[in-house]
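# Understanding the architecture of this molecule
Take a look at the letters that make up each chain.
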Amino acid sequence: MMVQAQNGIGVETNFVYMIPGDKFMTIKNGHLHLTEKGNIKGPHLTINSFFTSLAADYGPKAIGVILSGLGSDGSDGVKAIKRAGGMVIARNPETTEFDSMPSNAIATGMVDFIVEPEAMPGIIEEYVKREIELAAAAMSDVENMTGLIQLISEQLPLDFSDYKESTILRRIKRRAAYNNFEKLDKYLEYAKGSPREIEALAKDFLISVTAFFRDAEAFGALEKRVIPSIVHSLLPNQEIRIWVAGCATGEEAYSMAIMLSEILGDNVKEREVKIFATDIDTTALAHASKGIYAPSVVSQLTPAHLEKYFVQEASGYKVSAELRKMVIFSRHDLVKNPPYCNMHLISCRNLLIYMTPALQQKIYQMLLFGLKPDGYLFLGSSENPLPILKGLKVVDKKSKIYKKLDTLPSVNFEAFTIPEYVYHKPSNLSPAQPEMIKNPDRTLDGAINETVFSEEQRLIICIDESNKVLKSYGPTSRFLHQKNFTSDLTELMPGPLNIAFKTARNMVSETQRKAQITGIFIQHSQETIKVNLSVSPMIFKGRPNGFLVVQFTEDVQSEELPGTMAFDEKLYLDDYSRFLEQENKDQKEQLAAASEKLFALNENMQSFNEELLSANEEMQSTNEEMQSINEELHTINADYQLKNKELLELNDDLNNYFKSNINGQLFVNSELRLMRFSPGTVRHINLLESDIGRPLSNISTNFRFETIADDITQVLENGYPLTRELQANDGKWYQVMTMPYIRQVGNKRTGAIITFNDITNLKDIQRQLDKKNEILTRINADLDNFVHTASHDLLEPLGNIEASIGLIDHMHVDDPELKPLLAIIRGSVKKFSMLVKEISAVARIEDEAASMELVDLHDIVESILWSLGDKIKQSGAMVKSDLQVSQIHFSKKNLRSILFNLVANGIKYRSENTPVVSIQTLAGSEFTILSVEDNGIGMAENDLTKIFNKYGRGTTDREGQGLGLYLAKKIIDAAGGSIRVESTPGLGSKFTIYFPLTGNLP
């Protein structure tokens, strides 16, 4: 089921959660969390954010799938999933409409499978099943693991033999499963014949985790307690030296540079800073050297740091030139290479945890050796420098920051191994193929044993053609200097030994034979010792390989050995001087030739430089255009996604509308062919799915479509909908509405929509109502006749009674009690007569309500003023009129009666002040407004609603029956208008009547 993600919702199986267009989505503890995108500039990398959180929450169980899309969103997220040990699948870009996202993901080298969507479920199921099997088996195949590590060591300059077995074995098994190998012995055989697989396996080992200011609390301690101390201890013109070991893609090294720049402030340009950032992963170093990071990576930086030390580009954020100059990236293997020396600070964080304790101890010794006295060591949270803790002082235990004590450790060549050396045989040797030595650690022992098989060994050192020490055996402190570490043998030997060695080395270079010199006196501690020196070409597989074996032996014999030369310092110095002169002459000739070549190369370089500048300008212009196009594509993609979402919602709405529509609907084209019909149509019309596409005239149904066809043609011509009532062959009645089908593109009528509403029940009810209406009309006529007759017949005897009572009043009556009774009879007769007249008036008003005409208000007002002349004169009232609208469409007699009643009430219910009645008309958009306002006694709020009721009166101390306002409201409501009243006790009342305009009449 597909649903839109909501903040805090728990993830369940068999649900697809869509990310809202204006939100970022992350996952934590199995729940989805949404955050606003806000005013973030640049592209919104929604997939990167989600994949990164997925990797952090699920680790090795995370599976990422990249199907389609524009831009590079998802590439950094793919890396995060792979670092966590998860799996990544991408669709083949060649079959994808929008191939940018899968192409960029594949370019990271982290995608496990590139397949079509239909194959992805099977791969995921197989992957999960295999992971479960591997976890359950928990097999330990150390022998095969060792073989694979040996293959990597032979093919690549990488040695993982001292890494933790559990980590290496887990990643080997994952790689084997990826290649469909369940057993490591089979995978080992496969890897032996596939160099690419060896490279891929080594790359899996090198997946690194880093970030800017990772572990902010530890960096905070570094900023407050370490860096200021280093800066304050510097001498004038002294450089700051920092080594970041295992720098990966460079975030930690640049973090150090930012922190130093902040602390140095304006002095950063005056103080030279060198941050040596090293790693064995050349791919990561290449990325670090470029210094370009995605927005999701730099999001951990503060806005101030981002603005100050980075420049935004199309591909992300690039470190500034000033920051880049502070960092030197270099490939360096902690296992093999000697350390960088004289460092103020060394950072080696979360790297040693993957190594065995023995290798950790060796590297800790190296790191300690590389620090200056009072230098600082910065480790990761899981690392503990127990092997060198005696030489350290704890600065911050929680942040793992240590300070080196002022001690001078001795040099031990056995602690280090020089990296692999590739030797190409010089051209003056025999024309055999050059031999490659790829692993001195595992082959030098055999070569040295073969060279000096029968000689008694004291100190034996293997050197290359540049006098660099590759391996040593024996006590170095007996024959060599110990004050500074260097791999150059000539700098380690005392003066006499150095002179003798250089002479012997020259002899070996010329003759390719062993040279021996005896009787060399050197000073060792408080004694002088006599040393014999021999230099031999190293023999490997029967022939020289370019290396030399240097042997130092303490001479305890007084006799010279046959075939050796006694050391005479003066003779050797003379010989060495002649050699230097010849070498100097050769160097000058080579320098002159090199200078000529350099001059020619310089001219070529200038030409190339001009071409590169021109190409660079073109590339910058192209880059700007591509950036603009990329932004447009991102915008278009976002619009398409929103439109696609809207279309899906509209499609769901239409499908649900069709399903819920019980009325029938037909969709026909301009050729009167049936294109579609709603499911509810089959309840009314016997249609089949096979009828779609057929002309209506060829479809046999229980309807006659002849009239409908004419209606469709008329609707297509004029565009106005038509409604008619039709009776089906089964006797049912339908209201058929035909309206045009209009396409938004071009606003063209391309067909019609025919809607069928079953009105059979309405027809039956209408017939019943017609019959009842006829009956009611007859009853009403009879009532009218009765009312007119009764009122006429009743008024005549009432008049006679009233006249008789008047005559009795003039007659002399002896009984005094008779006069009150006569007064009561007279009042009752008057009330009864008035009631009969009002009943007659009601009947007359209802008869006249149907006769509507344009009424001249000036005539009506003059007529009312004439009729109320006596009351106006008697009360001294003033009647004002402001008739902005002089004509109203209404019943003339009823309008006069209503207005008469309102003006008369204004005079009747007057206060102590002189009565003032105002009549006003205004023109509205839908109504004509007539208002009558007085300054009378007014009414309480609870009386405002009951005055329009039958016999409802606000006060009973004035004459009247309470029917006037009731009749007025009834007449106005029947005409489609309304009447409202506003009143304040003691200030008066205002009646407002709204008459509908002629076009708005009911």
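Here the structure is a predicted model, which is why all the values come from computation and not from measurement.

## Quick word on the overall build of the protein chain
- Within the protein chain, the secondary structure is distributed over 27 helices and 35 strands.
- Counting the 1002 residues in the protein chain, one finds 40% classified as buried.
- For the protein chain, the proportion of contacts with a sequence separation of at least 24, taken over those separated by at least 6, is 62%.
- Summed over all atoms, the accessible surface of the protein chain reaches about 57,000 Å², with 52% contributed by carbon and sulfur.

## Some details on a nonpolar patch on the surface
- There is a patch of nonpolar side chains on the surface, built from Met 626, Ile 629, Leu 633, Ile 636 and Tyr 640 and spanning about 470 Å² of accessible area.
- Secondary-structure assignment places Ile 629 in helix H20 (residues 569-660).

## Here we look at the pattern of salt bridges
- Inspection of every chain in the model, using the stated rule, returns 18 salt bridges.
- Close ionic contact of Lys 274 with Glu 239 constitutes a salt bridge, the shortest N to O distance being 3.6 Å. With Lys 274 in strand E9 (residues 273-279) and Glu 239 in the loop between helix H9 (216-232) and strand E8 (240-245), the pair connects residues that are 35 residues apart, well separated along the chain.
- We classify Lys 274 as partly exposed; its relative accessible area is 25%.

## Considerations on the packing of helix H24 (residues 857-867) against helix H26 (residues 892-908)
- One can describe the packing of H24 onto H26 by two numbers: an axis separation of 10 Å at closest approach and a directional angle of 50 degrees. Between H24 and H26, the crossing angle belongs to the class labelled oblique. Where H24 crosses over H26, the two elements pack in a sense that is right-handed. Packed against H24, whose contacting residues are Leu 857, Ile 860, Val 861, Ser 863, Ile 864 and Ser 867, the element H26 presents Lys 892, Leu 895, Arg 896, Leu 899, Phe 900 and Val 903 at the interface.
- For the contact of H24 with H26, the per-class residue count stands at eight nonpolar, two polar and two charged.

## Looking at the nonpolar core
- In this structure, Phe 212, Leu 222, Met 256, Ile 275, Phe 310, Phe 329 and Leu 345 are the most contacted members of the largest nonpolar core, which totals 46 residues.
- Look past the residues within four positions of Phe 329 in its chain and what remains in contact with it is Cys 247, Gly 250, Ala 253, Tyr 254, Ala 277, Leu 285, Ala 288, Ser 289 and Arg 324.
- Counting 36 residues, the second-largest nonpolar core is a separate cluster that includes Ile 907, Leu 930, Ala 975 and Phe 991.

## Topic: the sheet that holds strand E12 (residues 316-319)
- Taken in spatial order, the three strands make up an open sheet running E10-E12-E11, and their pairing is antiparallel. Looking along the sheet, the strands with just one partner apiece sit at the ends: strand E10 (292-293) and strand E11 (310-313).
- Judged from the four bridges that link them, E11 and E12 form a sheet pairing that is antiparallel. Its bridge partner lying in E12, Phe 310 is registered against Val 319.

## Considering the sheet that holds strand E17 (residues 401-404)
- The mixed open sheet is built from seven strands, whose spatial order is E13-E9-E8-E14-E15-E17-E16. In this open sheet, the two strands that pair with only one neighbour each are strand E13 (327-331) and strand E16 (392-396). Direction aside, neighbouring strands of the sheet carry axes that sit 20 degrees apart on average.
- The pairing of E8 with strand E14 (residues 343-348) spans three bridges and is classified as parallel. When the bridges of E14 are listed, Trp 243 appears paired with Ile 346.
- The sheet contacts of H9 involve E8, E14, strand E15 (371-379), E16 and E17, and relative to E15 the element is tilted by about 170 degrees.
- Contacting E9 and E13, helix H11 (residues 282-290) runs over the sheet at an angle of about 165 degrees to E13.

## A closer look at the packing of aromatic side chains
- Summed over the entire model, instances satisfying the criterion amount to 14 aromatic pairs.
- A ring pair is formed by Phe 219 and Phe 378, whose centres lie 5.7 Å apart and whose planes are at 90 degrees; its orientation type is edge-to-face. Of this pair, Phe 219 sits in helix H9 while Phe 378 sits in strand E15, and the two are 159 residues apart along the sequence. For the pair shown, Phe 219 and Phe 378 are each scored as buried.
- With centroids separated by 5.0 Å and ring planes inclined at 75 degrees, the aromatic side chains of Phe 890 and Phe 995 adopt a geometry described as edge-to-face.

## Some points on the packing of H26 against helix H27 (residues 964-974)
- Put simply, H26 and H27 touch, their axes get as near as 10 Å, and they point 145 degrees apart. Where H26 crosses over H27, the handedness of that crossing is left-handed. On H27, the residues touching Asn 894, Ile 898, Asn 901, Leu 902 and Asn 905 of H26 are Gly 964, Leu 965, Ala 968, Ile 971 and Ile 972.
- Along the lines of polarity and charge, the residues of the contact of H26 with H27 split into six nonpolar, four polar and no charged.

## Quick notes on the environment of Thr 713
- Among the secondary structure elements, Thr 713 is positioned in helix H21 (residues 706-718).
- Sequence-wise, Thr 713 and Leu 672 are 41 residues apart; in three dimensions their C-alpha atoms are separated by 8.6 Å.

## A closer look at the pairing of strand E20 (residues 515-524)
- Summarising burial for E20: seven of the 10 residues are buried, a large majority.
- Two strands pair when backbone bridges link them, and E20 and strand E21 (residues 527-540) are joined in this way by eight bridges, in the antiparallel orientation. Paired with Ala 515 across the two strands is Val 535, which belongs to E21.
- With antiparallel pairing between neighbouring strands as the criterion, E20 and E21 make up a hairpin whose turn holds two residues, including Ser 525 at a positive phi of roughly 55 degrees.

## Observations concerning helix H1 (residues 46-58)
- The end-to-end C-alpha separation of H1 is 18 Å, in line with the 18 Å expected for 13 residues at 1.5 Å each.
- When H1 is considered as a whole, its buried residues turn out to be Thr 46, Asn 48, Phe 50, Phe 51, Ser 53, Leu 54 and Ala 55.
- Turning to H1, the residues buried within the fold contact strand E3 (23-28), strand E4 (31-36), strand E5 (63-66), helix H2 (75-83) and helix H12 (295-298).
- Just downstream of H1 lies Gly 59, where phi reads positive at about 55 degrees.

## What to know about a negative patch on the surface
- Together, Glu 646, Glu 649, Asp 652 and Asp 653 make up a region of like negative charge exposed at the surface.
- Position of Asp 652 among the secondary structure elements: in helix H20.
- Residue classification places Asp 652 among the partly exposed positions, given a relative accessible area of 44%.

## Quick notes on unusual backbone geometry
- One non-glycine residue, Asn 29, adopts positive backbone phi at about 55 degrees.
- Inspection of the secondary structure puts Asn 29 in the loop between E3 and E4.
- Despite not being glycine, Asn 467 shows a phi value in the positive range, around 70 degrees.
- Mapped onto the fold, Asn 467 is located in the loop between strand E18 (459-463) and strand E19 (469-473).

## Some details on the pairing of E3
- Relative to E4, E3 is paired through six bridges, and the arrangement is antiparallel. Residue pairing across strands places Lys 23 opposite Glu 36, the latter belonging to E4.
- If you look at the hairpin formed by E3 and E4, you'll find two residues sitting between the two strands, and Asn 29 has a positive phi there, around 55 degrees.

## Structural notes on H11
- Every buried residue of H11 is listed here: Ala 284, Leu 285 and Ala 288. Buried residues of H11, viewed axially, fall in a sector of 100 degrees; they line one side. Structural note: H11 exposes Thr 283 and Lys 290 on the side pointing more than 90 degrees away from its buried face.
- As for H11, its buried residues are in contact with helix H10 (251-264), E9, E10 and E13.
- For H11, the capping residue at the N-terminal end is Asp 281, with a side-chain oxygen 3.1 Å from the backbone nitrogen of Thr 283.
- One or two steps after H11, the chain reaches Gly 291, where phi turns positive at roughly 70 degrees.

## Here we look at the environment of Ile 888
- Mapped onto the fold, Ile 888 is located in strand E31 (residues 887-890).
- Judged by relative accessible area, which is 3%, Ile 888 ranks as buried.
- Between the C-alpha atom of Ile 888 and that of Glu 853, which follows or precedes it by 35 residues, the distance is 8.0 Å.

## A word on the environment of Leu 386
- Here Leu 386 shows up in the loop between E15 and E16.
- Measuring from C-alpha to C-alpha, the distance between Leu 386 and Tyr 364 comes to 8.9 Å, with 22 residues separating the pair along the chain.

## Digging into the confidence of the model for the protein chain
- Summary statistics for the protein chain give a mean pLDDT of 78 and a share of 80% for residues scoring 70 or more.
- Considering only residues more than four positions removed or in separate chains, one finds that residues 136-140, a stretch of pLDDT under 50, has eight contacts.
- Long-range and interchain partners of residues 409-442, a stretch whose pLDDT sits below 50, account for 69 contacts in this model, where long-range means more than four residues apart.

The rules we used
Residues numbered from 1 in each chain as written. Predicted model: local features only at pLDDT ≥ 70, side-chain atom pairs only at ≥ 80, totals over all residues. Heavy atoms only, no water. Helix = DSSP H or I, 4+ residues; strand = E, 2+ residues; numbered from the N terminus. Buried < 20%, exposed > 50% of the residue type's maximum accessible area, 1.4 Å probe, protein only. Contact = heavy atoms within 4.5 Å. Areas by Shrake-Rupley, 256 points an atom, 1.4 Å probe, with all protein chains shown as cover. Patch = residues over 30% accessible without salt bridge, like charges linked within 9 Å, V, L, I, M, F, W, Y side chains within 5 Å. Salt bridge = Lys/Arg side-chain N within 4 Å of Asp/Glu carboxyl O. Axes fitted to C-alpha atoms, helices over the stretch in contact; angles between N-to-C directions. Parallel < 35°, antiparallel > 145°, perpendicular 65-115°, else oblique. Left-handed = near helix turned anticlockwise from the far one by under 90°. Nonpolar A, V, L, I, M, F, W, Y, C, P; charged D, E, K, R; others polar. Core = buried A, V, L, I, M, F, W, Y, C linked by side-chain atoms within 4.5 Å. Pairing = 2+ DSSP bridges. Phe/Tyr/Trp six-rings, centres within 6.5 Å; stacked < 30°, edge-to-face > 60°. Expected span 1.5 Å × (residues − 1). Lys, Arg positive; Asp, Glu negative; His and termini not counted. Charge placed at Lys NZ, Arg CZ, Asp CG, Glu CD. Arc of directions from axis to C-beta. Polar contact = N/O pair within 3.5 Å; in protein donor to acceptor, adjacent residues only side chain to side chain. pLDDT = per-residue confidence, 0-100.

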